[in-house]
Amino acid sequence: MHIVLIEDDVQLGAAIRHALEQQAYAVTWLRTGKEAEFAFQDATADLVLLDLGLPDMDGLDVLAKARRDHIGTPVLVMTARDAVQTRVRGLDLGADDYLIKPFHLDELSARIRSLTRRARGLSDSVIDVGDIRLNLATQAVVFRGISIDLARREFALLRVLMERAGRIVRREDLETALYGIDGGVDSNALEVQVHWLRKKLSADSIRTVRGVGYMIPRDSS
């Protein structure tokens, strides 16, 4: 899953990015409103974490422009502004959730899971596809009744494919989900992750669609 983090505080931004990367999210970290406007145009972004106190413009103006441009990417606003009027204005402009600073990183993670479940029509944190069960909250994976230990990017890859089960996911979208926009990915890095994931599940658990990408069938077994 690809998260765009827009936060100009270096210490806080680094802490958030580190925490989310440890949970198998790909994070693109930006620090200005101008960068944020371009990031909203990126179709691979699954969620935007938006600080309001940016150095060059107000985050609410960035949000308002994105919604005027009919960009529906979920947005979680992070701010120290706790006035009710500010929260109401943010929600009216199209924010999907609000988190007042300072906040605990565990709460941020829980809100991210909730927003992404809603955006993808999932009712809870558990995804079942055929013989594979994935728990978004605990990062536990069970295949044919046996717990499987996955590395961080293996888990991220499996999550993206399971959330889109039955559909082909383009390789460039998978690379962004695993490494972010500026991740500097090697040409064969995705193939390596798919190889190891198949070794831990089964050879036919992930199908290759040559020249396009990969998919997990809805009846994956």
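Residues numbered from 1 in each chain as written. Predicted model: local features only at pLDDT ≥ 70, side-chain atom pairs only at ≥ 80, totals over all residues. Heavy atoms only, no water.

Regarding the overall build of the chain
The condition is simple: Strands are runs of DSSP state E lasting at least 2 residues, helices are runs of H or I lasting at least 4, and numbering of each runs from the N terminus. The globule rule used here is 2.2 Å times the number of residues to the 0.38 power, and the radius of gyration it is set against is calculated over C-alpha atoms. Throughout this description, buried means an accessible area under 20% of the type-specific maximum (1.4 Å probe, protein chains only), exposed means over 50%, and partly exposed covers the range between.
Looking only at helices and strands, one finds 8 helices and 12 strands in the chain. Relative to the 2.2 N^0.38 estimate, which gives 17 Å for 221 residues, the radius of gyration of the chain is 18 Å and therefore close to what a compact globule would have. On the principal axes, the C-alpha backbone points of the chain span a range of 55 × 30 × 30 Å. Considering the chain as a whole, with its 221 residues, one finds that 50% of them fall into the buried category.

Notes on the environment of F40
The cut-off we apply is this: Any two residues whose heavy atoms approach within 4.5 Å are treated as being in contact.
One can find F40 in helix 2 (residues 33–40). Distance in space between the C-alpha atoms of F40 and L63 is 8.9 Å, their sequence separation being 23 residues. Setting aside residues up to four positions removed in sequence, F40 forms contacts with I6, V48, V62, A66, I71 and V75.

Here's the deal with helix 3 (residues 59–68)
Rules: As used in this structure description, the phrase polar contact means that two N or O atoms lie within 3.5 Å; if the pair is within protein, one of them must be able to donate a hydrogen and the other to accept it, and residues adjacent in sequence are counted only when both atoms belong to side chains.
Among the 10 residues that make up helix 3, 7 are buried, leaving the element largely enclosed by the rest of the structure. Turning to helix 3, its buried residues are G59, L60, V62, L63, A64, A66 and R67. Structurally, helix 3 contributes buried residues whose contacts are with helix 2, strand 3 (47–51), strand 4 (75–79) and helix 4 (84–93). Backbone nitrogen of L60 and a side-chain oxygen of the N-cap are separated by 2.7 Å at the start of helix 3; the cap is D58. Taken from the residues just after helix 3, H70 is the one with a positive phi, measuring 65 degrees.

With respect to the confidence of the model for the chain
Note the cut-off: Each residue carries a pLDDT score, the predictor's confidence in it, ranging from 0 to 100.
Scored by pLDDT, the chain comes out at a mean of 87, with 95% of its residues at no less than 70. Ranking the elements of the chain by mean pLDDT puts helix 7 (residues 171–179) last, at 83, and strand 3 first, at 94.

A word on the sheet that holds strand 12 (residues 213–215)
Basically, it comes down to this: At least two bridges found by DSSP between two strands are what make those strands a pair.
The antiparallel open sheet is built from 3 strands, whose spatial order is 10-12-11. In this open sheet, the two edge strands, each paired with only one partner strand, are strand 10 (169–170) and strand 11 (207–209). Strand direction decides the pairing type here: strand 10 and strand 12, joined by 2 bridges, are antiparallel. Along strand 12, the bridge assignment pairs R170 with G213.

A look at unusual backbone geometry
With an omega dihedral of -5 degrees, the bond running from K101 to P102 counts as a cis peptide bond. Non-glycine residue H70 carries a positive phi angle of around 65 degrees. With respect to the element layout, H70 can be found in the loop between helix 3 and strand 4. The exposure class of H70 is exposed, given its relative accessible area of 74%. Residue R144 is not a glycine yet carries a positive backbone phi of 55 degrees. Tracing the backbone through its elements, the reader meets R144 in the loop between strand 8 (140–143) and strand 9 (146–148).

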